[in-house]
Each structure stands twice: as structure tokens, then as C-alpha cells.
Amino acid sequence: MSAGVPAVAAVRPGRRQRTSLLGFVSVRVAITAIAVLWTVPTAGLLVSSFRSNADIRATGWWEALLHPFELTTWTLTNYGQVLAADGLAGAFVNSLVVTIPATAIPITMAAFAAYAFAWMRFPGRSLLFALIVALLVVPLQMSLVPVLRMFTATDLNGTFLGIWLAHTGFGLPLAVYLLYNYISQLPGELMESASIDGASHFAIFRRIVVPLSVPALASFAIFQFLWVWNDLLIALVYLGTDSTVAVLPARLRELVGTKGESWHLLTAAAFVTMVVPFAVFLLLQRYFVRGLIAGSVKG
Amino acid sequence: MTTAPLTRRPDPVGALVRVAPLAAALVGLWLIVLGLDVLRDPLGADRVWASLYDVLGQSATADAIRERGLDAVQAKLTTLVVGVVVGVGGIWLVYVGLNAVADLLPRRLAGAVRPWLFVGPAAAMVAVFLVVPAIVTIWSSLSAEGGIAETYGALAEDPEMWVAVRNNVLWLVLGTGGSVGIGLLIATLVDRVKREALAKTFIFLPLAISMAGAAVIWRFVYAWVPESEPQIGILNAIWTALGNEPVAWLQAPPLNTFALIVIMVWLQTGFAMVVLSAALKGVPNEIIEAARIDGATERQLFFAVIVPMIKGTILAVATTIAIAILKVFDIVYVTTGGKFETEVLANRMFTELFTFRNFERASAIAVVLFLAVTPIIAINVRDLRRRRVGP
């Protein structure tokens, strides 16, 4: 790179003709610095989760990073203890049992509804859609007490069925909104020609709309999965902290309460709660980002 | 938009074609009823396996399960599978079936009924879990013993409530401003370099972390130990290295509320960055060029050209984050539990609900939260109309 200007300009011509080499370098440095700053808290957690309690108390985790190859300082016993003795393994299973149906059920319902809003005409359509969009911002807290009463009356409190239903109800507005945005943008000619060929709405939905909407379905699935997996409030209210049903965030919060200074356990436990979201997120980042943008870019 | 549903089938096969989906509907309905029965029964999973073995002719194994019960994990995974099969398969079959029933109706009537089959289940769920409860909450906060004055008057006399309101305002202003401001800064910086993905991923990653997890991460960052011992929290390590005494960041008001807001900013900045990045990419190069030719400085270019062009997106991002922040609960609940003057409305409501079992008061706090977002709801719906989004 003889001079910064042409090299940079080649990246995307026009936009940054005035950026000097110095400017370019300082921008990179700034970005890297922010990225490091954003990663340090999580890194501290991850590093500490592999250190013994004595080590954590004796030196800061950053000092352990200075000698990464002294393998004797690293240990997996923290994970062994939180998974078995502290019940995180059970909570992990509970989280899976809560999250998978609570993601699959709303997608099914929302896809049908989004199709109807986009491609069927019926009285009250605009009003109903506006209502659902308005519900996107109504605080969940408005529903907590009445739904709790309803669940108590129907013996659904503390059951997986109850929390699936709650998450389905709470997640539907966003699901309908996101899927509508996508499905309504599908080319109308497709539906028309299928309709002329004698396909029913149901056939169009199943054979054309669902296959074409996979990216949007995936986006919402990731949203809902992360939201349900990470949720603490709804889990505490409708499922509780009993070890037979408690999910990971609820169990983690219990540990904070009972073992607040046992950092070797807390760090390992916190990381156990994050493994699945990280994996989902890193593998499916593209769909997630697409969904975020579709949900909030406004002209 | 296409309109009337047009189902016209050749006749001879028609009858059979119509009976099959009807059967599917009945199967779906049966599946749902059976599934709900199994799911509501604490021993449902055991019953499923026992009947399975009975069907396979291994009644000895079936009896063993009935007697001793399943292993806990197997029982839970069974619940999971039943949930997905019923929740997706059952619902799908019901749609198939109801659709077939609609086909049997005269065409006009079918056209009128069918949209409601598609929208109905979702609308019913939303009504049961959001609309009706919201109305009930408002109603019960108004009609509580002693009436409005009593409920809300008591709320207004509670000093903790005012701490919560003050903190919610702080959260709203600093949390939203911080996330959007830093997100916009990073998006602008990233827009200037070619390879951006990796740095962005690192800033974005906290978005996948639960607030409870983030609370633990940051409790460790803010960890405090007496001066005589080595500091294990990175913030106090830096702070003491600069020659200061260690600070209990989470216990000392008003510092602790700011420390908690930092957690939210850390979580939400990635979201703002990604969406604003996409908006920046949409600003046409010609406009930037034209501004430069006209002699605009970089600063003028940013504030007078770029920011106004992406104003809509900035507003949308700010709204989304503001709503999330208003309802913030987990961070406060897990770090301080609302002690040391860090209370917020959502945590207050949870305390009223579960510690004091005061449902009227909890409802009243929910209504306060709701009133705080009503302007946003109005703006959203008006905006939707203006952009002609939605049917």
C-alpha cells in the first residue's frame, strides 16, 4: 500500500475519498478497541470458569491469561459441580423442554395468520392487524396477574404446557408482524397464477408461501428461541423455581442468591446458560440480522 | 392483492378428496385433545410409554413403567416431543381439516369463513393472553377496594415507587441514549472500513446473552474485595492501580444505578449498531459525493446529511430499545434485587406480586408502565398508517 487513499477508495469508490491513511488506521484502531472493550466482560467470565476457587481469589483472571500454557492452572471441576450438584444439567433439560415447543407453536399459528393478513380480504382486517402491531409494545406486565390467576384456576401453574401457551401468546404479535412483512412482499403474480390454476388458499400457502418464507420463518425462530431461552420473568412467574421445572436463568439466579461469592461456580453456571444461545447465534447470525433489520428499519 | 378464494375441483374425485382432509381434521383434533390430556397429567409421559409398550405387546415393560415411573429426563423429553407433535402437527391438521370443512360450504360463505380459520387461532391466543388480561389489569386496578384514589394514592405515597420512577427515567434517557449513540458511532466507523464482520460480531454477541447471564458477568466486573486483598473484579483492579480505594460499584448510590445501566447499554448496543449499519449502507454515495463537492466537512456531512437521512431508523431503534428498557427487570433483580436505591418499576411490580402478594398494587404498577408506553403505541400505529404498512 503506497498511499492510503487509492487503496481505501478502491473498497467502495466515492464514499471515502478524503480518508487519509492516518484516518483509516485510527478508525481500525477505534473499532478494534471497542470490540475488545465489549468482549472483556465475557472473557473474564469464561477464563474464570476454568480456574479454581483459590486461584480466582488470589489473582485477577487477566493474570491467568499471561500463562495460558500452564495447564495445571486450568480445571473443569467447576463445570462438573454446577452441572451435577447445583442442578444445572436438569435445568438445561428443562430449558430445552420449554424453549423448543414455545418456538415451534407460535411460528405455526403466526404463519397462517400472516398469510391471511397479506393475501386474503376480510372485514376488520386492517383493524385487527393494527391491534396486533399495537400489542407489540404493550408491556408484558399487563398480562402477568390475570394470566397467573387463569393458570391457577386451570391447574396450569408450574406446568410446561402453561408456559408454552404463555410464550405463544406473548410471542405471537412479533411473529405475525415479522412474517407479514415478509409474506406480503412475495410477488402477487405467483399467487394469482396459482389461483387461476385452481389452487386453493390452503394449497398456495403450503406449496408456495411456506417454502418461500423460510428465511423469515428462520429469523423469527431464532428470535423466539433466544427470547424464551433467556427469559427469566415469565419462567419465574408461571413455572417457578422448583428443580423439576426450573429453567437455566431461574437456576442461575438462585445460585447468585445462595452462592453469590463463589465465583468459580457462578462463572461456570453463567457460561452453561450461554452455550446454546451462542451456538444458535453464531451459526445463524445471517438470519438473525436479517430479522432484526426487517423488524425495525423504517423509511 | 388477490381476493376471493377460488377452489374448483373436478367432481368425480372430489368427494374422496374432500373426505381425506376431513379425516385429517378429526385426527388432528383427537391428537390435540389426547395431547392436552397427557400434558396436563404429571404422569402423562409414563402413560405414553406404557401404552406404547402395550401396543407393541410388551405388557410386562408397560406395567413396570406404570409401577416405577420413568426416568426424569426421559419423561421430560417425552413431554417435549408430545408438545411439538401436538403443537405443530395437531394444529396443522386442524387447519387442514377446518379448511376442508370450509370447502363443503357454498362458495360465497366459504370465502367469508376461510380468512377467519387462518387468523382465528392466532387472534384467539392474542386475545386470551394479551388483550383480555390487559383490560382485566386496568379494570382491577380501578375497581380495587377503596377505588382509584386508594390504590394509586397508596402507590404515590410509597417512597420506593418514586425511587423506581426516578430510576426508570434515568434508565430510559441514559440507556437509550447510550445504546443508540454508541451504536451509531460504531456503525459510522465500521461503514468506513472494508472488513467489518469480526469486530461487529464481537460487539453484537452480548445480544445472545440473557439479562440474568449479563448480570452475573457484570457482577464479576464490578466485584469488590477489601483493599488488603487482591482485586478480582477488573474495574476495581484498574481503579486501585490508578491509586484509588476500591469502590463497591453495586452498593453505593447513585453510582450503582449507572453501573446497572451500563449493563443494558452493553447488551443493546449491538442491536443499534446492526440496524443503523444497514441504514447507513442505504445512504446513496451520490448524495455524500455531492455534499463533499459542495465543501461539507466530515462533521457537517455526518450531522447535516447522513443523520437526517437515517432519522427514521434512528427513531425506530430508539423506540425499540426504550420499550425494552422500560420493562427492565432481570438485570436489577439478579444484581441488587432493587436494594440500595436501584429499584425500577418492573422489579417493584414483581416484589409486590411475589413477596407481598398484593395483586391490586402489582396491577396498578403494570398500568403505570402501560401509561408510559401509550405515546409510543400511538406513534407506532400512526406511523404504520403513514407508511401504509399493513393491510
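A.B. asks: Please give an account of the overall build of chain B that cites residues and values.
C.D. replies: Counting its secondary structure elements, chain B contains 17 helices and zero strands. The C-alpha radius of gyration of chain B comes to 29 Å, more than 25% above the 21 Å expected for a compact globule of 391 residues. For the C-alpha atoms alone, the extent of chain B along its principal axes is close to 85 × 65 × 55 Å. Counting across all 391 residues of chain B, residues that qualify as buried make up 42%.

A.B. asks: Describe the overall build of chain A, and please don't skip the residues or the numbers.
C.D. replies: Counting secondary structure elements, chain A contains 16 helices and zero strands. Over its C-alpha atoms chain A spans a radius of gyration of 25 Å, topping by over 25% the 19 Å that the globule rule assigns to 299 residues. Projected onto its principal axes, the C-alpha positions of chain A cover 75 × 70 × 30 Å. Taking all 299 residues of chain A together, the buried fraction comes to 52%. Long-range contacts, defined as pairs at least 24 residues apart, comprise 73% of the intrachain contacts of chain A with a sequence gap of at least 6.

A.B. asks: Please set out the interface of chain A and chain B residue by residue, giving values where relevant.
C.D. replies: Contacts between the two partners involve 111 residues from chain A, matched on the other side by 104 residues from chain B. No other element matches helix α6 (residues 88–119) of chain A, which puts 17 residues into the side of chain A that touches chain B. Residue composition of the side of chain A that touches chain B, by class: 73 nonpolar, 27 polar and eleven charged.

A.B. asks: Can you lay out helix α15 (residues 263–283) of chain A for me, pointing to particular residues and giving the numbers?
C.D. replies: The terminal C-alpha atoms of α15 of chain A lie 29 Å apart, and with 21 residues this matches the ideal 30 Å at 1.5 Å per residue to within 8%. The principal kink in α15 of chain A, of about 35°, is found at Met274 of chain A, preceding the proline Pro277 of chain A by one to four residues.

A.B. asks: How would you summarise unusual backbone geometry if you had to cite specific residues and measurements?
C.D. replies: A cis amide bond, omega 0°, links Pro253 of chain B with the succeeding residue Pro254 of chain B. The phi dihedral of Asp155 of chain A falls on the positive side, at around 60°, and the residue is not glycine. Assignment of secondary structure puts Asp155 of chain A in the loop between α8 (141–153) and α9 (160–183). The exposed category is assigned to Asp155 of chain A, around which 11 C-beta atoms lie within 10 Å. Positive phi outside glycine occurs at Phe340 of chain B, with the angle close to 55°. Along the chain, the position of Phe340 of chain B falls in the loop between α15 (330–335) and α16 (345–354).

A.B. asks: An account of the nonpolar core is needed here, citing residue identities and associated values.
C.D. replies: Grouped together as the largest cluster of nonpolar side chains are 206 residues, with contacts concentrated most on Ala110, Ala113, Ala114, Tyr115, Val176 and Leu179 of chain A together with Ala122 of chain B. In terms of residue count, α6 of chain A provides more of this core than any other element does, 19 residues in total. Ignoring any residue separated from it by four or fewer positions in sequence, one finds Ala114 of chain A in contact with Val176, Leu179, Tyr180 and Ile183 of chain A.

A.B. asks: Could you give an account of the environment of Leu170 of chain B, with specific residues and numbers?
C.D. replies: All names here are of chain B. The residue Leu170 is located in helix α7 (residues 159–191) in this model. Overall, the presence of 16 C-beta atoms within 10 Å leaves Leu170 in the partly exposed class. Not counting residues within four places of it along the chain, the set of residues in contact with Leu170 comprises Thr257 and Ile261.

A.B. asks: Go over helix α12 (residues 214–230) of chain A with me, naming the residues and quoting the values.
C.D. replies: Between its first and last C-alpha, α12 of chain A extends 24 Å over 17 residues, near the 24 Å set by a 1.5 Å rise per residue. Counting buried positions along α12 of chain A yields 13 of 17 residues, so the element is predominantly enclosed.

A.B. asks: A description of the confidence of the model for chain B should follow, citing residues and the corresponding values.
C.D. replies: Residue and element names in this part refer to chain B. Per-residue pLDDT for chain B has a mean of 84; in total, 92% of the residues score no lower than 70. The spread of mean pLDDT over the elements of chain B runs between helix α1 (residues 11–40), the lowest at 75, and helix α9 (residues 211–221), the highest at 93. Confidence metrics for the complex model read pTM 0.87 and ipTM 0.86.

What counts and what doesn't
Residues numbered from 1 in each chain as written. Chains lettered and ligands numbered in written order. Predicted model: local features only at pLDDT ≥ 70, side-chain atom pairs only at ≥ 80, totals over all residues. Helix = DSSP H or I, 4+ residues; strand = E, 2+ residues; numbered from the N terminus. Rg over C-alpha atoms; globule rule 2.2 N^0.38 Å. Buried ≥ 20, exposed ≤ 12 C-beta atoms within 10 Å, placed from the backbone. Contact = placed C-beta atoms within 7 Å. Nonpolar A, V, L, I, M, F, W, Y, C, P; charged D, E, K, R; others polar. Expected span 1.5 Å × (residues − 1). Bend = angle between axes of the 7 residues up to and from the residue. Core = buried A, V, L, I, M, F, W, Y, C linked by C-beta atoms within 7 Å. pLDDT = per-residue confidence, 0-100.

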